Amino acid sequence: MTTAADSEVTSDELMTVAASRALRDGAVCFVGIGLPSTGANLARRTHAPNLVLVYESGTIGAKPSTLPLSIGDGELAETADSVVSVPEIFNYWLQPGRIDTGFLGAAQIDRYANINTTVIGGDYDTPKVRLPGAGGAPEIAANCDQVIVIVRQSTRTFVEKVDFVTSVGFGSGPGSREKLGFRGRGPVKVITDLGVLEPDPESCELTLTQIHEGVDPDQAREATGWPLAVADDLVVTAPPTPEELEVLRDLLATQKRPGQS
Amino acid sequence: MPLRQAVANLVRDGDSVALEGFTHLIPFAAGQEIIRQRRRDLTLIRLTPDVIFDQMIGAGCARKLVFSWGGNPGVGSLHRFRDAVQRGWPVPIEIEEHSHAGMANRYAAGASDLPFAVLRGYVGTDLQKHTPTIKPITCPFTGEQLTAVEALRPDVGVVHAQRADREGNVQLWGIIGVQKETVLASERSLVTVEEIVDELEPLPGAIVIPTWAMTCVSEAPGGAKPSYAQGYYQRDNEAYRAWDEISRDPDRFGQWLEEEIYAEEGSRV
């Protein structure tokens, strides 16, 4: 076991802890694999023991003891309150707005938090880079009460205009979501390795509201492909507590054991 | 019926073939038998074209891919899939791209013998610009704008399940994905199972697909590996990680194909 004092906090750990803190106890959370799943499982083991984890594989109320590698690991089904089919998870659970928080990643994100996970460069039929595609994201983005995006910040990712809109954030700005008839409020936080961005209440434009310890706001500006707005009352992220770090590192260790599934 | 014979009887060149299993119960043995029988020009349909479709695409079975998320779950990219889309290797591949919600609804519509399904989805995305099977529709009762997706009616639907009885009634449990919808939406269907038992013991959460709703049931122990079959074996996460290296280089992939797939030719009867 590692203790918090043993080593420096990595940016992955910072992002995961920030994601965990964004989840309130008792919330129903639609979880994707990777950092979101780690963050949600960390939250369930620290401040949010009643967090309900829903995976798109149809497992509702999963309580995994180890970190899953995929959204459909056996551990999720075995520990779930209910296991439903894929049509059911999307039609009966996500679509009617029963999920509070959805997590999304992004290969590209723009100032209105629109997300691309489909193609980069070239045109759609002959892209420079073919990415995995939509998965559950377009409907998660539209139908969850709120969305949290977790993504590393660089000019490659934070672009003026996404090459392809896979999932809608705030479309072309204020009023877009209402016009499209979306149920959910959209992205409330974009958690990066440098800080946290939140949509401006009036312009919907992503604004740096929180910065991680030791990061200069100029670093965040330089890592953004548009002139990044920075909040006047910029908050410095409270460093991970020893408890958060210890639980997180124990969790990650469960994934690395040989033969683990 | 032995798997080799079932595939030979059911799958023809040019067919649309759905292979489903959402992380769990992925029909690897059946997919690899399709490669072994060198089927060509298939339209391959699957929500998550992961490692099994990467193998089939790399082997040149596919002309078109209908899907919603193409990656190696928890690992990264599908290199054979990317090579096919980005540089037409080994053959150019056409794609028809959806979201999971859309694909799930398309199967449900097919199973219900409806021409389309309705959902709140795709609105504001670029997917609707590129995918002709996504169209806006107005609710005849409220006037609300919704989205219609065309039903999926594959020529062949292939799924894996835990077990069947001697009559061919199939039982599966755990993550059930879109297995039932796939069987019921398809013109012909093939279900591979871990084992054939005398009697299907009831289990919490298990579903049964009656024998008369399927075309063919084949025993294929371990037929979902390296994915998993709840109650039988666990997901081989190492194999998914290893696939990244095997599939990255076309020559290395070619060698894998010879050694692991074609070398077995005729041995599986």
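Residues numbered from 1 in each chain as written. Chains lettered and ligands numbered in written order. Predicted model: local features only at pLDDT ≥ 70, side-chain atom pairs only at ≥ 80, totals over all residues.

Draft legend 1. Quick peek at the overall build of chain B. The secondary structure content of chain B amounts to 9 helices and 12 strands. Scaling as 2.2 N^0.38, a compact globule of 269 residues should have a C-alpha radius of gyration of about 18 Å, and chain B matches this with 18 Å. Along the first, second and third principal axes, the C-alpha set of chain B runs to 60 × 50 × 30 Å. Taking all 269 residues of chain B together, 55% fall into the buried category. Contacts in chain B between residues far apart in sequence, at least 24 positions, make up 74% of those at least 6 positions apart. (Helix = DSSP H or I, 4+ residues; strand = E, 2+ residues; numbered from the N terminus. Rg over C-alpha atoms; globule rule 2.2 N^0.38 Å. Buried ≥ 20, exposed ≤ 12 C-beta atoms within 10 Å, placed from the backbone. Contact = placed C-beta atoms within 7 Å.)

Draft legend 2. Representation of the overall build of chain A. What chain A contains, in helices and strands, is 8 helices and 14 strands. Here the C-alpha atoms of chain A give a radius of gyration of 18 Å, agreeing with the 18 Å that 2.2 N^0.38 yields for 261 residues. Taking all 261 residues of chain A together, 56% fall into the buried category. Within chain A, contacts between residues at least 6 apart in sequence are counted, and of these 65% link residues at least 24 apart.

Draft legend 3. Representation of unusual backbone geometry within the structure. With an omega dihedral of 0 degrees, the bond running from tryptophan 89 of chain B to proline 90 of chain B counts as a cis peptide bond. Mapped onto the elements, proline 90 of chain B comes out in the loop between helix 4 (79-87) and strand 4 (94-97). Following lysine 225 of chain B, the chain continues into proline 226 of chain B via a peptide bond in cis, with omega recorded as 10 degrees. Mapped onto the secondary structure, proline 226 of chain B falls in the loop between strand 12 (216-219) and helix 8 (237-248). Notably, alanine 113 of chain A is not glycine yet its phi reads approximately 60 degrees, a positive angle. For alanine 113 of chain A, the position within the fold is in the loop between strand 6 (108-109) and strand 7 (115-116). Under the C-beta neighbour-count criterion, alanine 113 of chain A is labelled buried, with 28 such atoms within 10 Å.

Draft legend 4. Representation of the interface of chain A and chain B within the structure. At the junction of the two partners, chain A supplies 39 residues and chain B supplies 43 residues. For the side of chain A that touches chain B, the elements supplying multiple residues, two or more each, are helix 3 (74-79), helix 4 (86-94), strand 9 (127-130) and helix 5 (137-143) of chain A.

Draft legend 5. Quick peek at the sheet that holds strand 6 (residues 134-138) of chain B. Residue and element names in this part refer to chain B. Read across the open sheet, the 3 strands follow the order 5-7-6; overall the sheet is antiparallel. Lying at the two open borders of the sheet, with one neighbouring strand each, are strand 5 (116-119) and strand 6. Neighbour to neighbour, the strand axes of the sheet diverge by 40 degrees on average, direction disregarded. Relative to strand 7 (residues 145-150), strand 5 runs antiparallel, the two sharing 4 bridges. Across the sheet, the residue bridging to valine 118 is alanine 148, located in strand 7. (Pairing = 2+ DSSP bridges. Axes fitted to C-alpha atoms, helices over the stretch in contact; angles between N-to-C directions.)

Draft legend 6. How the structure looks around the environment of glycine 76 of chain B. All names here are of chain B. For glycine 76, the location among the structural elements is in the loop between strand 3 (62-67) and helix 4. Between the C-alpha atoms of glycine 76 and proline 136, which are 60 residues apart in sequence, the distance is 33 Å. With near-sequence residues (within four places) excluded, glycine 76 lies in contact with Gly71 and Asp244.

Draft legend 7. Expanded view of the domain arrangement of chain B. Residues and elements named next belong to chain B. The domain boundaries assigned to chain B delineate domain 1 (3-97 + 156-264) and domain 2 (100-150). Taken over C-alpha atoms, the centre of domain 1 sits 26 Å from the centre of domain 2. Every contact between the two is made by 10 residues of domain 1 and, on the other side, 12 residues of domain 2. Of the residues that constitute the side of domain 1 that touches domain 2, the class distribution is 5 nonpolar, 2 polar and 3 charged. (Domains from an automatic or database assignment. Nonpolar A, V, L, I, M, F, W, Y, C, P; charged D, E, K, R; others polar.)

Draft legend 8. Representation of the pairing of strand 12 (residues 195-199) of chain A in the model. All names here are of chain A. Along strand 12, 4 of the 5 residues are buried, which leaves the element largely enclosed by surrounding structure. Where strand 11 (residues 187-191) meets strand 12, 2 bridges bridge the pair, whose relative direction is antiparallel. Looking across to strand 12, one finds that valine 190 is bridged to leucine 197. In this structure, the hairpin formed by strand 11 and strand 12 is closed by a connection of 3 residues. Two strands pair when backbone bridges link them, and strand 12 and strand 13 (residues 206-211) are joined in this way by 5 bridges, in the antiparallel orientation. In the sheet register, glycine 195 faces strand 13, and the bridge partner there is isoleucine 211. Linking strand 12 back to strand 13 in an antiparallel pair, the connection comprises 6 residues, with cysteine 204 at a positive phi of about 65 degrees.

Draft legend 9. Quick look at the nonpolar core. Counting residues in hydrophobic clusters, the biggest one holds 161 residues, and the most contacted among them are Val54 and Val149 of chain A together with Met56 of chain B. There are two domains that each give this core at least three residues, and those are domain 1 (3-97 + 156-264) and domain 2 (100-150) of chain B. Setting aside its immediate chain neighbours within four residues, valine 54 of chain A contacts Val28, Cys29, Phe30, Val31, Ile60, Trp93 and Ile99 of chain A. (Core = buried A, V, L, I, M, F, W, Y, C linked by C-beta atoms within 7 Å.)

Draft legend 10. Region of the structure containing the sheet that holds strand 5 (residues 101-104) of chain A. Residues and elements named next belong to chain A. One open sheet holds the 10 strands; their spatial order is 4-3-2-1-5-10-11-12-13-14, and the pairing between them is mixed. Both edges of this open sheet fall to strand 4 (82-83) and strand 14 (229-236), since each of them pairs with a single strand only. Two elements, strand 2 (residues 52-55) and strand 3 (residues 59-60), share 2 bridges in a ladder whose sense is antiparallel. In the sheet register, tyrosine 55 faces strand 3, and the bridge partner there is threonine 59.

Draft legend 11. Region of the structure containing the packing of helix 1 (residues 3-10) of chain B against helix 2 (residues 28-36) of chain B. Residue and element names in this part refer to chain B. At a closest axis distance of 10 Å, the pairing of helix 1 and helix 2 adopts a crossing angle of 60 degrees. In terms of crossing hand, the pair formed by helix 1 and helix 2 is right-handed. For the pair helix 1 and helix 2, the contacting residues are Leu3, Arg4 and Val7 in the first and Ala29, Ala30, Glu33 and Ile34 in the second. Taken together, the residues of the contact of helix 1 with helix 2 sort by class into 5 nonpolar, no polar and 2 charged. (Left-handed = near helix turned anticlockwise from the far one by under 90°.)

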